[in-house]
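Below are the chains, spelled out letter by letter.
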Amino acid sequence: MIKNFVRGGLGHLETFGELPELDVLEDRFFAGGHRIQGLLVDLVASPLFRAVADPR
């Protein structure tokens with residue numbers, strides 16, 4: 001489920017270099033009681049989201 005949110009937010013499939021940050025998001029999601037709101041907040045605050053390119 002986390003990968004689907006990340007893919008939707010980033011607009012591409014995750015790359016090998018993004019996998020460590022996905023692990024962090026997953027850990028925080030589990031620690032936060034599986035709350036979607038917390039996942040979305042963590043996603044937009046993560047380095048992954050700040051690296052999104054302009055739409056084509």
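Keep in mind the model is a prediction, meaning the values are calculated, not measured. (Residues numbered from 1 in each chain as written. Predicted model: local features only at pLDDT ≥ 70, side-chain atom pairs only at ≥ 80, totals over all residues. Heavy atoms only, no water.)

A.B. asks: I would appreciate a short explanation of helix α1 (residues 2-10) in the present structure.
C.D. replies: Those residues of α1 that sit buried are Ile2, Val6 and Leu10. Taken around the axis of α1, the buried residues stretch over an arc of 50°, which confines them to a single face. Exposed side of α1, more than 90 degrees from the buried face: Asn4 and Gly8 are the residues found there. Looking at the buried side of α1, the elements it contacts are α2 (19-31), α3 (36-45) and α4 (47-50). Once α1 finishes, Gly11 follows within two positions and takes phi at roughly 80°, a positive value. (Buried < 20%, exposed > 50% of the residue type's maximum accessible area, 1.4 Å probe, protein only. Helix = DSSP H or I, 4+ residues; strand = E, 2+ residues; numbered from the N terminus. Arc of directions from axis to C-beta. Contact = heavy atoms within 4.5 Å.)

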